2 protein chains.
Amino acid sequence: MDYEKILPGIIKKNDNKILLTVLDGVGGLPNIKTGKTELETANVPFLDELAAESSCGTATPVLNGITPGSGPGHIALFGYDPVETQIGRGVLECLGIDAPLEKEDIAIRGNFATLDDKRTVTDRRAGRISTEENKKIVALISGNIKEISGIKIEIRTVKEHRCAIMLKGSGLYPNVSENDPQKEGVPLKPITALDRQSERTAKILSEFENKVIELLGKNDSKAKGILLRGISRLPHIPGFAEKYKLNAVCIAAYPMYRGVSKVAGMDIARCGESVDDEIETLRELYGRYDFFFLHVKKTDSYGEDGNFDAKVRILEEVDSKLRIIKKLKFASMAVTGDHSTPAVLKAHSWHPVPLIINSPNTIPDDIKEFTERECAKGILGRIYSKEIMYLLLACALKLDKFGA
Amino acid sequence: MDYEKILPGIIKKNDNKILLTVLDGVGGLPNIKTGKTELETANVPFLDELAAESSCGTATPVLNGITPGSGPGHIALFGYDPVETQIGRGVLECLGIDAPLEKEDIAIRGNFATLDDKRTVTDRRAGRISTEENKKIVALISGNIKEISGIKIEIRTVKEHRCAIMLKGSGLYPNVSENDPQKEGVPLKPITALDRQSERTAKILSEFENKVIELLGKNDSKAKGILLRGISRLPHIPGFAEKYKLNAVCIAAYPMYRGVSKVAGMDIARCGESVDDEIETLRELYGRYDFFFLHVKKTDSYGEDGNFDAKVRILEEVDSKLRIIKKLKFASMAVTGDHSTPAVLKAHSWHPVPLIINSPNTIPDDIKEFTERECAKGILGRIYSKEIMYLLLACALKLDKFGA
C-alpha cells in the first residue's frame, strides 16, 4: 500500500483526540464443548454497546495466515508496515526489560551456555540456571567489562539463562553473524561482519565473547560462556510526531509495549500495573496529548495458558473497567487486539481480530456484539491492522484531501 | 495490484457495450436527527430496483481513510492506480476550464499577486481582484507575450485572482520549482529546474515572470506579478483504446471530468448541462462507442454545501431520469460515485461508496437498496474503485483466460 507516498502531503494537526485501545490477544476460537469463542461466551455489555454505536469489522494483523509476535502486531496497529519495519530480537529483549536502548545502540539477546575448554557448546542454556545465579554472573561481567575500544558495554539479566546486552556508542552497525551454533556438541561460531560498516561491531563482540569466557572460566557456575543472538538496532522510522503530527503517549503496564511505543516515538506514561491504574493515567493525561495508546495485557495471558474460562472472566473484568473511555471525549477511537490468542491453541494466532471504530464521522452498522463472528459482518469489512491508524486519523479530520 | 502485468495478454475486443455511471459524491453519513444517510432518506426506486437485480458492494476510492479529489477519484474508476497516476494541479486547473491542453504542454496554475518594487509579495491574491479585472489583465498579457524562445504561451482566466498558463511546444519537462513563497512579506522565489531536462522550462518561465512584472508595473491594477504553481504535464498513460481496446466516450457536463477523461484517451461528447441532456447524448451516441462514461455532477454540489435535504431531493430527481439506462442494452454497467460527499462534513470524504455491477454475468445478491449500509453487505464485498473497470470488462466478456 502506498500510504507513505500520500501521507506527508495531507496530514494536518488539529486539536482532536484519538484513542487506540488494544486488548492484547483478544480474539479466540470456539470452545470444543460449547462452540463459542471466549468473546462469545463472555458477558461484555460495554463492548457490545460500543459496537452497536460504531462501525465494526475485523483486522488482519499482518497477512492472512501469518501469526504475529507482539512486535509486528503493534507496529501494524501504529500504521507501519509490519513486514517492512521489523524489530530485531535483540532489540525486543532490551525493550522487554525496559533497558535504556538508544537509537544508535546495538542490542543483543544473550544466552548463558556451558562450554568445554575447546569452546564446544555442551549446554545452550547452562542447565537453565536460576534468575538469581544469572544476576550474580551479570554483576560479575558488569564489574569487569565496562568498555571495549571506546564503546560502553551494558548487560542486564532477563531471566534464567537469558540476558540482554547493549553496545552504546555511535557509528555501530548491526549486520553481524551470531556465535550461536544452534545445537550442542559443536563449537561456537566465529562472529563476523556481514557488511563492511559492521566490522567494528563484530570486532567488539568477539572481544566481549573472549573476555566473558575468560571471566566465567574461573567461576563455579555452569555458565561458561555466552551465546550472542538477534544482533540488531532500533528501526530508524519516523515517529508519530513526524509521521502523523501527533503528540502521542503510551499507557502500558508491560515493558515490551512501552518499548515498541518508544520505537514509534511516543512518550511513555508512568503508571501502575492494573487496568484501573492505566485508566486513571489516561484520565490524568487526557489534556496533555492528542493520541493515546492504551494497552491491556491481561486479556492475552490466559489465552497463552490455554485457560478458556479464565480468559472469559478477564474479558468480563476488563469490559467493566473500560466504560470510562466513552465519557472522555475522543474524536475517534478504536478497540481491537494486536492478534488473537485462542485458549484452544495456547498461543498467538493468525486470525483476524474484531475491530470497533467509534466516531461521529463513521457510519454505525447493525452489529451489536463485539465478537469475531459478528464484527466480521460489519461495515468496515476486513481490513489490515495497519489501516486502522488511517481510519482514526480520517475520522478525527486530520487528513486533507488527496489531489484536487 | 498486478493487473498491468496481466492485462495486455488477456484483453480482447468484442461488440459488447459497457456503461460506467458516476454519481459524483453520492455517498453520505447519517443525519444527526434521523440517523439516516442521504441515500437512506431519498426515495430512489430505480436505483433500488437496479440494486436488487445486480451484484452490490462498496468501493474504496484510494485507500482506507484517504479522501480523494475529483482527479484521483476518477483516475481510479478508470482502472488506473490513483497513487501512481497523479494529475498535477496546473493540469487540473487547465482541464477545469476546458483549456486545449496537449500531451507535451506544460500547465501552470497562476495567482495574480501584489508585489512591491523589490519583488516582495505583499498580497498573494492581489486583493482577490474580480474576474472581470482578471480578464482585462489576461487580455493585456495575451496581447503582449505570445511566445518565448519559440514556445507559445497561452494564458486563460479561471476566476478572481486565478489563471491558467500553458507552454505549448515539444521537448519541455515540468520538473521546475515554483516562484510562490507561500507567504507574504518575502520575495518571489527563483524558478529553477529540478532536473537537467527541465532547464529550458525554468528559463522560459523566469522570462515569462519578468515580462509579466514589467507589463503589470505600468498598470493600475493591484495585480503586479504572477505566482506560478503546480507546474505539471498531462500524465503519460495508455488511453482506453490502447489499455482496454475500448472505443470510449465521456458524457459530462463539467469541464474537469471531460478533462480527466481526455487524460484517459476518451472522446468527449458535446452535450448540454442537464442530466436530461446527458441521457439524450447517451442515447444518440449508443451505436458509436463501446464504453460510455456518464458523469452526473449535481449529486455532489449540495453535499459540499452541507445541504442534506437538497442532496436528498437531487438524488430523487436523478434517480427518476436514470431509468433509461436499463432500456439501452449494456453487457455490463456500474453505478457508483467517485467519492462520498456527506452533507454533515460539507466536503469530500474517505468513506467507501455504494456500488452496483449489473450484467447477465454476475450474481445478484439479496441487496435491495442502493445505500451505504445495504451495499456494504453485498456479494462484491469491499473492493477498490480501480478494480471496477476489470469487473465491467470481465462481465462484458472482454477478458480472456489468464494462463492455461
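What you are looking at is a predicted structure, and each value in this text was computed from that prediction instead of being measured.

All right, on to the overall build of chain A then. In terms of regular secondary structure, chain A is built from 15 helices and 14 strands. Its C-alpha atoms give chain A a radius of gyration of 23 Å, within 12% of the compact-globule value 22 Å for 404 residues. C-alpha atoms of chain A, sized along the principal axes, occupy 70 × 55 × 35 Å. If you take every contact in chain A between residues at least 6 apart in sequence, the share linking residues at least 24 apart comes to 75%. The averaged location of the 57 negative side-chain charges in chain A is 2 Å from the averaged location of its 57 positive side-chain charges.

Counting 64 residues, the largest nonpolar core has F78, F240 and F291 of chain A as the members making the most contacts within it. Broken down by element, the residue count for this core peaks at eight residues, all from helix α15 (residues 388-395) of chain A. Apart from the residues lying within four places of it in its own chain, the contact partners of F240 of chain A are F78, Y80, K245, L246, A248, A264, M266, F291 and M389 of chain A. Listed in part, the 50 residues of the second largest apolar core include I11, C250, Y257 and F291 of chain B.

All names here are of chain B. Here F292 shows up in strand β11 (residues 291-296). We classify F292 as buried; its relative accessible area is 0%. Look past the residues within four positions of F292 in its chain and what remains in contact with it is K17, I18, L19, L20, V249, I251, L282, L285, Y286 and F330.

Turning our eyes to something else, we now look at the sheet that holds strand β9 (residues 248-252) of chain A. Two modes of strand pairing occur in sheets, parallel and antiparallel, and in both the strands are linked by backbone hydrogen bonds. All names here are of chain A. On the basis of which strands lie adjacent, the open sheet formed by eight strands has the order β10-β9-β11-β1-β12-β13-β2-β14 and mixed pairing. What marks the edges here is a single partner per strand, and that holds for β10 (267-268) and β14 (381-384). Strand direction decides the pairing type here: β9 and strand β11 (residues 291-296), joined by five bridges, are parallel. Looking at β11, one finds that I251 is bridged to L294.

Scoring rules and cut-offs
- Counting starts from 1 at the beginning of each chain's written sequence and moves along it residue by residue.
- Chains and ligands are labelled by the order in which they are written, letters from A for the one and numbers from 1 for the other.
- This being a predicted model, a pLDDT of at least 70 is required before a residue's local features are given, and a value of 80 or more before pairs of side-chain atoms are given or counted; all residues contribute to the totals for chains, interfaces and linings.
- In computing side-chain values, all of the structure's heavy atoms are included and hydrogens and water are not.
- Starting at the N terminus, helices and strands are each numbered in turn, a helix being any DSSP run of H or I of at least four residues and a strand any DSSP run of E of at least two.
- It is over C-alpha atoms that the radius of gyration is taken, and the globule rule equals 2.2 Å times the number of residues to the power 0.38.
- The contact definition used throughout considers only heavy atoms, calling two residues in contact when any of these lie within 4.5 Å.
- In this tally, Asp and Glu contribute negative charge and Lys and Arg positive charge; neither His nor the terminal groups of the chain are included.
- A charge is said to be at NZ when it belongs to Lys, at CZ for Arg, at CG for Asp and at CD for Glu.
- Only buried residues count toward a nonpolar core. Its members are Ala, Val, Leu, Ile, Met, Phe, Trp, Tyr and Cys residues joined through side-chain atoms within 4.5 Å.
- The classification of residues rests on relative accessible area computed with a 1.4 Å probe and restricted to protein chains. Under 20% of the type maximum is buried, over 50% is exposed, and intermediate values are partly exposed.
- Strand pairing is assigned whenever DSSP detects at least two bridges linking the two strands.

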